[in-house]
Amino acid sequence: MPNTRPTWIELDLRAAAHNMRRLRQIAGVPAMAVVKANAYGHDAPLLARTFLEHGATRLAVATLGEAHTLREAGITAPIMILGYVPAWQAAEAVALRLTCAVYDLELAHALARAASNHDWRVPVHINVDTGMSRLGLYHADPVQLTADVVAFIRALHALPTLHVEGLFTHFATADEADLSYAHTQLARFARVLAAITAAGVRPPVIHAANSAATLRLPAARFDLVRPGIACYGLHPSSDTPLPPDFQPVLTLASEIAQVKLVAAGTPASYGCTWVASRPSLLVTLPLGYADGLRRTAAWREVLLCGQRAPIVGRVCMDYVIVDATDVVSPQPLRCGDPVVLIGSQYDPHTGTLKQISAEEVAGWLGTINYEVTSMLMARIPRVAS
Ligand SMILES: *Cc1c(COP(=O)(O)O)cnc(C)c1O
């Protein structure tokens, strides 16, 4: 992939391969790599291919459009849509040979009907809501939930063009310090599994574990794990850090568009909300809120010559201004010099590597690393390194 802009996302595919191999090794069971939202903002086709080459046997996405993109890229591995597929998308889901999550008979019937036009059976995985209250077969009474799941599987078995391949659930708190609610969900799921096994209707692929559960809840690994965030070398949470050898995949980089020395009293950017308190060296970078930087919450710093320099004034649509006055550089800063917004950069002054992580940016913006990388817009080119 060629770089087409002086602002870009660099993807370390060796890091992605390493993370995937390690997750596969830790889990001890097959892995379905979660590549929804353009692989958490990275690049779905590139990352999907890397994960499949290094231990994942399946992929998961959130929407039919995301699955379509992967099929267009020539990926033939099983792809599961984790979330809601409306019945009107059933025919396209079957034509793309996707695996669908089901939790009501309307979609199941639509898929079964669509599959009657093909010579393959549609794989479906039953989503059981054990406490996330988002999607999935639900009943407030865990005993009744168990009975409902058995009845639902029997109803699906009556549709010969469906293949009831899997059954899964999703944790609400597997990344938190207190795992008691995750254990409650796991116990509800175990009750369902005992019942479907006793009834002789257990599908072959049982799964529950996101990244955090893959790392911390061995009892939740079952037949398959569904890691997302950890594949990208990003920590599931501060309470669930990755093992130390995992490596972040994404670097957000740019370069200096212009350098200017301004006098004390000179304002910068829209609204003149920042005014130089001393003679200042300002550098303008060619990225802004239309790239995902966000205007209201402050993206505080960038790396220039491996040193932190503050963003000053308002973030514009396509530009931000950085105060580089305190940066110690071997040569005067000039147009084209490299800048890192997420990732590492070498500091020639101290001979060390400095880092701004997605986790640190998340702290500045009052959010989580998941949102920081997935908010990076499509107009930033993605480049494999
Ligand atoms: C996003 C998602 C995952 C992956 O979660 P991570 O925390 O990124 O590992 C797994 N399962 C479902 C149903 C999801 O929506």
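Definitions and limits used
Residues numbered from 1 in each chain as written. Predicted model: local features only at pLDDT ≥ 70, side-chain atom pairs only at ≥ 80, totals over all residues. Heavy atoms only, no water. Helix = DSSP H or I, 4+ residues; strand = E, 2+ residues; numbered from the N terminus. Buried < 20%, exposed > 50% of the residue type's maximum accessible area, 1.4 Å probe, protein only. Contact = heavy atoms within 4.5 Å. Areas by Shrake-Rupley, 256 points an atom, 1.4 Å probe, with all protein chains shown as cover. Lys, Arg positive; Asp, Glu negative; His and termini not counted. Charge placed at Lys NZ, Arg CZ, Asp CG, Glu CD. Core = buried A, V, L, I, M, F, W, Y, C linked by side-chain atoms within 4.5 Å. Domains from an automatic or database assignment. Axes fitted to C-alpha atoms, helices over the stretch in contact; angles between N-to-C directions. Parallel < 35°, antiparallel > 145°, perpendicular 65-115°, else oblique. Left-handed = near helix turned anticlockwise from the far one by under 90°. Nonpolar A, V, L, I, M, F, W, Y, C, P; charged D, E, K, R; others polar. Salt bridge = Lys/Arg side-chain N within 4 Å of Asp/Glu carboxyl O. Near = heavy atom within 4 Å. Polar contact = N/O pair within 3.5 Å; in protein donor to acceptor, adjacent residues only side chain to side chain. Phe/Tyr/Trp six-rings, centres within 6.5 Å; stacked < 30°, edge-to-face > 60°. Lys NZ or Arg CZ within 6 Å of the ring centre and 35° of its normal.

Draft legend 1. Structural view of the overall build of the protein. Per the secondary structure count, the protein includes eleven helices and 20 strands. When burial is assessed residue by residue, the protein has 54% of its 385 residues classed as buried. Pairs at least 24 residues apart make up 67% of the contacts formed inside the protein by residues separated by at least 6 positions. When the accessible area of the protein is evaluated, it comes to approximately 16300 Å², of which 55% is carbon and sulfur surface. With 31 positive and 31 negative side-chain charges, the protein shows a spacing of 2 Å between the two charge centroids.

Draft legend 2. Local environment of the nonpolar core. Among the nonpolar cores identified, the biggest contains 131 residues, and Leu111, Leu167 and Trp299 are the most heavily contacted of them. It is helix 6 (residues 105–115) that contributes the most residues to this core, seven residues altogether. Split by domain, the residues of this core number at least three in each of domain 1 (13–232) and domain 2 (250–356). Sequence-distant contacts of tryptophan 299, defined by excluding residues within four places in its chain, comprise Leu252, Gly292, Leu293, Ile311, Leu341, Ile342, Val361, Trp364, Leu365 and Met375. Counting seven residues, the second largest nonpolar core, distinct from the first, contains Val262, Trp274, Val312 and Ile321.

Draft legend 3. Spotlight on the packing of helix 7 (residues 142–157) against helix 8 (residues 180–198). One way to put it is that helix 7 packs onto helix 8 with a least axis distance of 9 Å and a crossing angle of 45 degrees. With respect to helix 8, the element helix 7 is oriented oblique. In the packing of helix 7 onto helix 8, the handedness of the crossing is right-handed. Judged by residue contacts, Pro142, Val143, Leu145, Thr146, Val149, Val150 and Ile153 of helix 7 engage Arg188, Arg191, Val192, Ala195 and Ile196 from helix 8. Here the residues of the contact of helix 7 with helix 8 sort into nine nonpolar, one polar and two charged.

Draft legend 4. How the structure looks around the pattern of salt bridges. By the definition in use, this model includes twelve salt bridges. A salt bridge links arginine 308 to glutamate 360, with the shortest nitrogen-to-oxygen separation between them at 2.8 Å. Note that arginine 308 is positioned in strand 16 (residues 307–312) and glutamate 360 in helix 10 (residues 358–365), a separation of 52 residues in sequence. What makes arginine 308 partly exposed here is its relative accessible area of 36%. Owing to a relative accessible area of 25%, glutamate 360 belongs among the partly exposed residues under this scheme. If you follow the salt bridges from partner to partner, you end up with Arg5, Asp291, Asp318 and Arg379 in one network.

Draft legend 5. Representation of the side chain of threonine 130 in the model. Positionally, threonine 130 belongs in the loop between strand 6 (122–127) and helix 7. Owing to a relative accessible area of 1%, threonine 130 belongs among the buried residues under this scheme. Leave out the neighbours within four places in its chain, and threonine 130 touches Thr169, His170, Tyr181, Gln185, Arg188 and Phe189.

Draft legend 6. Focus on the site of the ligand. Among the 13 residues in the neighbourhood of the ligand, the closest are listed as Lys36, Tyr40, Ser211, Ile229 and Tyr370. Between the ligand and tyrosine 40, the relevant distance is 2.5 Å, taken from an oxygen atom to a side-chain nitrogen or oxygen of the residue. Note that an oxygen atom of the ligand is positioned 2.5 Å from one of the side-chain N or O atoms of serine 211. Considering the ligand on its own, with 390 Å² of exposed area, one finds that the protein chains cover 92% of that surface. When its residues are assigned to classes, the shell around the ligand shows six nonpolar, four polar and three charged.

Draft legend 7. Seen up close, the environment of serine 344. Tracing the chain through its elements places serine 344 in strand 18 (residues 338–347). Judged by relative accessible area, which is 36%, serine 344 ranks as partly exposed. Residues serine 344 and leucine 193, spaced 151 residues apart in sequence, show a C-alpha to C-alpha distance of 46 Å. If we skip the residues at most four places from it in the chain, serine 344 touches Leu303, Leu353, Lys354 and Gln355.

Draft legend 8. Spatial organisation of the domain arrangement of the protein. For the protein, the assigned domains are domain 1 (13–232) and domain 2 (250–356). The centre of domain 1, based on its C-alpha atoms, is set 42 Å off from the matching centre of domain 2.

Draft legend 9. Focus on the packing of aromatic side chains. With the rule as written, the count across this model stands at four aromatic pairs. Cluster of aromatic residues (ring-pair linked, three or more members): Tyr40, Phe51, Tyr232 and Tyr370. The ring centre of tryptophan 120 lies 3.7 Å from the NZ or CZ of arginine 97, which sits over that ring.

Draft legend 10. Local environment of the side chain of serine 280. Turning to its location among the elements, serine 280 is positioned in strand 14 (residues 280–285). A polar atom in the side chain of serine 280 sits 2.7 Å from the backbone oxygen of arginine 278. Those residues in contact with serine 280 that lie beyond four places of it in its chain are Lys260, Leu261, Val262, Trp274, Asp323 and Thr325.

Draft legend 11. Spotlight on the environment of arginine 58. By the secondary structure assignment, arginine 58 is in strand 3 (residues 56–61). In this structure arginine 58 touches Ala31, Met32, Ala33, Leu52, Pro78, His125, Glu165, Val205 and Leu224, once residues within four positions along its chain are discounted.

Draft legend 12. Focus on the packing of helix 1 (residues 13–27) against helix 3 (residues 44–53). Where helix 1 contacts helix 3, the two axes come as close as 9 Å, and the packing angle between them is 45 degrees. Looking at the two axes, helix 1 sits oblique to helix 3. Seen along the crossing, helix 1 lies across helix 3 with a hand that is right-handed. Only Leu46, Leu47, Thr50 and Phe51 of helix 3 make contact with helix 1, whose side of the interface consists of Leu13, Ala16, Ala17 and Met20. In terms of residue class, the contact of helix 1 with helix 3 is built from seven nonpolar, one polar and no charged.

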